[in-house]
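Listed here are the chains, written in short residue letters.
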Amino acid sequence: SHSFQILIKCLEEEFRELREQPSDPQAEQELINSIEQVYFSTDSFDIVKYELEKLPPVLNLQELEEYRDKLKQQQAAVSKKVADLILEKQPAYVKELERVTSLQTGLQLAAVICTNGRRHLNIAKEGFTQASLGLLANQRKRQLLIGLLKSLRTIKTLQRTDVRLSEMLEEEDYPGAIQLCLECQKAASNIKIVKLTLLSEQLDVALSKICKNFDINHYTKVQQAYRLLGKTQTAMDQLHMHFTQAIHNTVFQVVLGYVELCSGNTDTKFQKLQYKDLCTHVTPDSYIPCLADLCKALWEVMLSYYRTMEWHEKHDNEDTTSASEGSNIGTEETNFDRGYIKKKLEHGLTRIWQDVQLKVKTYLLGTDLSIFKYDDFIFVLDIISRLMQVGEEFCGSKSEVLQESIRKQSVNYFKNYHRTRLDELRMFLENETWELCPVKSNFSILQLHEFKFMEQSRSPSVSPSKQPASTSSKTVTLFEQYCSDGNPFEIQANHKDEETEDVLASNGYESDEQEKSAYQEYDSDSDVPEELKRDYVDEQTGDAPVKSVSRETLKSRKKSDYSLNKVNAPILTNTTLNVIRLVGKYMQMMNILKPIAFDVIHFMSQLFDYYLYAIYTFFGRNDSLESTGLGLSSSRLRTTLNRIQESLIDMVSGSRPGPKFAEERKEKVPSPHLSHLVVLTSGDTLYGLAERVVATESLVFLAEQFEFLQPHLDAVMPAVKKPFLQQFYSQTVSTASELRKPIYWIVAGKAIDYEQMLLLMANVKWDVKEIMSQHNIYVDALLKEFEQFNRRLNEVSKRVRIPLPVSNILWEHCIRLANRTIVEGYANVKKCSNEGRALMQLDFQQFLMKLEKLTDIRPIPDKEFVETYIKAYYLTENDMERWIKEHREYSTKQLTNLVNVCLGSHINKKARQKLLAAIDDIDRPKR
């Protein structure tokens, strides 16, 4: 401080010199204001560097000296200002320095006083406190020992009393025994608290045993003991804590056992893991047995709780009855306890089920189930479904936690599974030779293993597991069923159905004798189940149910029914059967797990979409079809095919799209290709008609099965998603039969040589002068083509049954094409007389007469198309103009020929131009 004072004095002298210098305050303030702002910044910066950087490139000595003087003046002004401020604050500084010195002196004095006080206290402690407190401690020990001695003497007395009491009872000295008991009770009052504490601990242990194995006698005794102690409510609180602990300990021990078993060692490292981490160590092989044991153990805990509630309900009723008969003393308190217990037990239901859900959820999400086999995954779903049924019966819960966790696993699993199945379906389709799969005539999808669950769950059921037969109409809950014995989560050894499928015929084509017997069996229908009579759709009519058909009726069928040489069995292929089985598996999963119903039905629809698209691609795609204008493909069918192509078919092949399309392509499947073993170009086989029939009719059969399943799908579909299902059926399933027209049109277009007929018609002379009585040769040629077509159709029908709708469509297509070819031939005529038109009519009538013997189709398709065209020759000019506007089904060429050839001889050029203009007006919108 001395050196600091010297420094202050020096500064004072320097500042005094500065202050003595004459000054102008206003000028000094202006100088200070002129200082650059950067000098006042708190950041440290290099002043010299700053000033040097400001120098101009070319230096001027005079300017530099002037700037230096300015800086000096600014420095002097600042120094003087600082000196003024320091001198102004000097008195205050001196005063504060004096206060600091005074405080320092006071603190030194206080330190001396504290040191003396501590020394005196130390002397007092050694001389007085330790000795006095030691005496008090010894006295307290003595009192405790005296009390202990007294208690020991009491215990000794009680032991002797027990012996004496037995002796007195043997001596039948009951008054003495009672007196001894009263004295004993008085003597024991001092150690009552100790005994009660020990008793409470024992009771708590006994209560915890209830959680895993409920025993009525044991629980009755425990409850009576708690009631005597007046701790009924405490017992209920403890019971819930034990149940929670039991759930945690049980699941941990079950999973730990499997993890240690699979790891092959009993290392303690697993015991230290959290339950969540432990679940990730369960191997796929042990996953299902562990899950089953986990659910079995949790079932035991929930069953114990259920039986605990039952015990209280029963005893509450008994207590109520006894209370109404006896006195009302203590009734209020008893009612309060009873109400508390009831509320506590009801609240505990939800709490315990929540704990169970969380434990099982953790286990479920601990393993990736996408690698599991289908049957194993279904089994997991079955167990969880059964557990959810337990939860619903236990506390009315919808098990949202479990549903969400299993939904995540199911959607993940199902996406991978469905993708693999779609690829398999493509492989099946590409290797399919479209041969008939021989199934029995009474075949139904319900006979397949995959659909057995539908018979087992006719009424809506939570689980597809086999339900035990119940004689009573009342539904038996799982808790009632397994209350005394058994467990709903026992893994059945006979997990598979014992029955075997019996759907295939004994051989591909049954003998004549078998056919006869099969037809005879139709008379009685005794071996056909009622369900099949109701659900099976006859292939011959397309929609009529199976009726009893006698042999005479079958013999009287028209020739166009090419199914007389085969039993009326469904037409399907191995691929169709595989798709149906796949649908059954999908429905199993959906039936077990309702929340993913929409995803499953969406994937099921993709199976049908892909099958339909494949049939169309293989047998029905022909760009020339639409140019005929016959409406072979309905707008609905075209829309459906376009939708399938856009949403499901991967049209990008061999290229590498960017990442933007990668995810989208994962959901798509490449377009299938027809097997090279299937030949569609041979006229002898009617251009693969047998394969076309098997393929198309198998699609129709598949659609019928989807129609049969619609009520089942509709029952599980969420309400908000039902429009999707309705649209799928109305826009896709119902279009299956519409594929017949374009597919069989291709056969019809090649089966008859229409070009040859046009050439033969071109050689006919139509401007004859007399009425002819003999038809032209082209009619016979055309009829020979139809007879050959009929023979070939018969040959094909020996390989595969041709249903009536198919034969009708084939004949309709051929006749329609023939009639249109006839009109086209007439439109090519250059000259024609009235007698020529009569000859045309004669030819067509001859054709119709012979044709009606070959087919039973009535009316003949497009008959009016030809007759109307021939009759138009006789119309007048005015009638012809109206006729042209009304008959837009004819081509421009055909109409023009009518005007030029038929009317050309008896109308003028102006009238002809008018009619040709009318034809052009009709043709313009088409273009």
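It should be noted that the structure appears before, not after, this text.
Just so you know, these numbers come straight off a predicted model, no measurement behind them.

**Student:** Could you clarify how one ought to interpret the overall build of the protein chain in this entry?
**Tutor:** For the protein chain, the count of helices and strands is 34 helices and 2 strands. Counting only residues that meet the buried cut, the protein chain has 40% of its 927 residues in that class. Residue pairs in contact within the protein chain that sit at least 24 positions apart in sequence constitute 80% of those at least 6 positions apart. With an accessible surface of roughly 52,900 Å², the protein chain has 53% of that area assigned to carbon and sulfur atoms.

**Student:** Can you help me understand the pattern of salt bridges in this one?
**Tutor:** Pairing between side chains of opposite charge can happen when the charged atoms of each approach one another. Evaluation of the coordinates by the stated rule reveals 28 salt bridges. With its nearest N and O atoms 3.7 Å apart, the salt bridge here joins Asp69 to Arg68. Across the pair Glu404 and Arg407 runs a salt bridge whose closest N-O atoms are separated by 3.5 Å. Here the residue Glu404 and the residue Arg407 both occupy positions in helix α13 (residues 400-431), the gap between them amounting to 3 residues, near one helical turn.

**Student:** So what exactly am I meant to see when it comes to helix α27 (residues 754-762) here?
**Tutor:** Buried within α27 are the following residues: Tyr754, Met757 and Met761. For α27, the arc enclosing every buried residue in end-on projection is 55°, short of the 170-degree limit, so these residues lie on one face. Within α27, the exposed residues directed more than 90 degrees away from the buried face are Glu755, Leu759 and Ala762. Check the buried side of α27 and you find it contacts α26 (740-751), α28 (777-799) and α29 (804-827). One side-chain oxygen at the N-terminal end of α27 lies 3.2 Å from the backbone nitrogen of Gln756; it belongs to Asp753.

**Student:** What is the right way to look at a negative patch on the surface in this model?
**Tutor:** Where like charges cluster on the molecular surface, the negative patch consists of Glu310, Glu313, Glu346 and Glu480. Mapping Glu480 onto the fold places it in helix α15 (residues 478-481). A relative accessible area of 41% places Glu480 in the partly exposed class.

**Student:** For this particular structure, what's the right way to read the side chain of Thr576?
**Tutor:** By the element assignment, Thr576 lies in helix α19 (residues 574-592). Residue Thr576 is classed as buried on the basis of its relative accessible area of 0%. Apart from the residues lying within four places of it in its own chain, the contact partners of Thr576 are Tyr611, Ser698 and Leu702.

**Student:** Can you help me understand the packing of aromatic side chains in this one?
**Tutor:** Aromatic rings considered in pairs are described by the distance between their centres and by the relative angle of their planes. Taken as a whole and judged by the stated rule, the model has 37 aromatic pairs. Aromatic side chains Tyr417 and Tyr586 sit 6.2 Å apart centroid to centroid with 55° between the ring planes, which places their arrangement in the tilted category. On the criterion of sequence distance, the pair formed by Tyr417 in helix α13 and Tyr586 in helix α19 is long-range, its members being 169 residues apart. Assessed through its relative accessible area of 9%, Tyr417 is described here as buried. Between Phe443 and Phe701, the ring centres sit 6.0 Å apart and the planes meet at 40°, which makes this aromatic pair tilted. Taken together, the residues span a long stretch of sequence, with Phe443 in the loop between α13 and α14 (452-456) and Phe701 in helix α24 (residues 689-716) at a distance of 258 residues. Residue Phe443 shares its accessibility class with Phe701, and that shared class is buried. Through pairs of rings, three or more aromatic residues link up here, namely Phe243, Trp299, Tyr305, Tyr306, Phe394, Phe479 and Tyr482.

**Student:** Just checking my understanding: could you explain the packing of α29 against helix α31 (residues 863-871) for this structure?
**Tutor:** Relative orientation and spacing of two packed helices are given, respectively, by the angle between their axes and the distance between those axes. Contact pair α29 / α31: the axes reach a minimum separation of 8 Å and the direction vectors enclose 15°. On the basis of their axis angle, the class for α29 and α31 is roughly parallel. Classified by chirality, the crossing of α31 by α29 is left-handed. Residues Asn819, Arg820, Ile822, Val823, Tyr826 and Ala827 of α29 form the contact with α31, whose own contacting residues are Lys863, Phe865, Val866, Tyr869 and Ile870. Here the contact of α29 with α31 is composed, by residue class, of 8 nonpolar, 1 polar and 2 charged.

**Student:** In this structure, what is going on with unusual backbone geometry? I would like to understand it.
**Tutor:** Leave glycine aside and you will find that most residues have negative phi; peptide bonds, for their part, are mostly trans. Each neighbour pair has its own omega, and for Arg858 with Pro859 the value is -5°, a cis peptide bond. Of note, the phi angle at Ser399 is positive, near 55°, even though the residue is not glycine. Its location among the elements puts Ser399 in the loop between α12 (374-395) and α13. Phi at Leu686 takes a positive value of approximately 55°, unusual for a residue other than glycine. Mapping Leu686 onto the fold places it in the loop between β2 (669-670) and α24.

**Student:** Would you mind going over the environment of Lys296 with me for this structure?
**Tutor:** Within the secondary structure layout, Lys296 lies in helix α10 (residues 284-325). Taking the C-alpha atoms as reference, Lys296 lies 7.6 Å from Pro488; in sequence the two are 192 residues apart. The contact partners of Lys296, leaving out residues within four places of it in the chain, are Asn487, Phe489 and Glu490.

**Student:** Would you mind showing me how to read a nonpolar patch on the surface here?
**Tutor:** Together, Val48, Leu52, Leu55, Leu59 and Leu64 line one region of the surface with nonpolar side chains, adding up to about 440 Å² of accessible area. Within the secondary structure layout, Leu55 lies in the loop between α3 (47-54) and α4 (61-170).

Criteria and thresholds
- The written sequence of each chain sets the order in which its residues are numbered from 1.
- The model is predicted, so local features are restricted to residues of pLDDT at least 70 and side-chain atom pairs to those at 80 or more, both for listing and for counting; the totals for chains, interfaces and linings are taken over all residues.
- With hydrogens and water stripped out, all remaining heavy atoms of the structure feed into the side-chain values.
- Each helix corresponds to a stretch of at least 4 residues labelled H or I by DSSP, and each strand to a stretch of at least 2 residues labelled E; elements are numbered beginning at the N terminus.
- Throughout this description, buried means an accessible area under 20% of the type-specific maximum (1.4 Å probe, protein chains only), exposed means over 50%, and partly exposed covers the range between.
- Any two residues having at least one pair of non-hydrogen atoms within 4.5 Å are treated as being in contact.
- Here, Shrake-Rupley sampling with a 1.4 Å probe gives the accessible areas, and only protein chains in the shown set may cover a residue.
- Salt bridges are counted wherever a side-chain nitrogen of Lys or Arg sits within 4 Å of a carboxyl oxygen of Asp or Glu.
- Starting at the helix axis, one direction is taken to each C-beta atom, and the arc is that of these directions.
- Side-chain atoms alone can form a polar contact between residues adjacent in sequence; in general such a contact is a pair of N or O atoms within 3.5 Å, and within protein one must be able to donate a hydrogen while the other accepts it.
- For patch detection, residues must exceed 30% relative accessible area and be free of salt bridges, and they are connected within 9 Å for like charges or within 5 Å for nonpolar side chains (Val, Leu, Ile, Met, Phe, Trp, Tyr).
- Charged residues are defined narrowly, with Lys and Arg counted positive, Asp and Glu counted negative, and His plus the chain ends left uncounted.
- The atom standing in for a charge is NZ when the residue is Lys, CZ when it is Arg, CG when it is Asp and CD when it is Glu.
- For Phe, Tyr and Trp, rings pair up if their centres lie within 6.5 Å, where Trp contributes its six-membered ring, and each pair is then called stacked (planes under 30 degrees apart), edge-to-face (over 60) or tilted (otherwise).
- Convention adopted: a line fitted to C-alpha atoms gives each axis, helices being fitted over their contacting stretch, and angles between N-to-C directions are expressed from 0 to 180 degrees.
- The scheme is simple: roughly parallel for angles under 35 degrees, roughly antiparallel for over 145, roughly perpendicular for 65 to 115, oblique for anything else.
- Should the near helix be turned anticlockwise from the far one by less than a right angle, the crossing is left-handed, and should it be turned clockwise, the crossing is right-handed.
- Under the scheme applied here, ten amino acids are nonpolar (Ala, Val, Leu, Ile, Met, Phe, Trp, Tyr, Cys and Pro), four are charged (Asp, Glu, Lys and Arg), and all others, including Gly, are polar.

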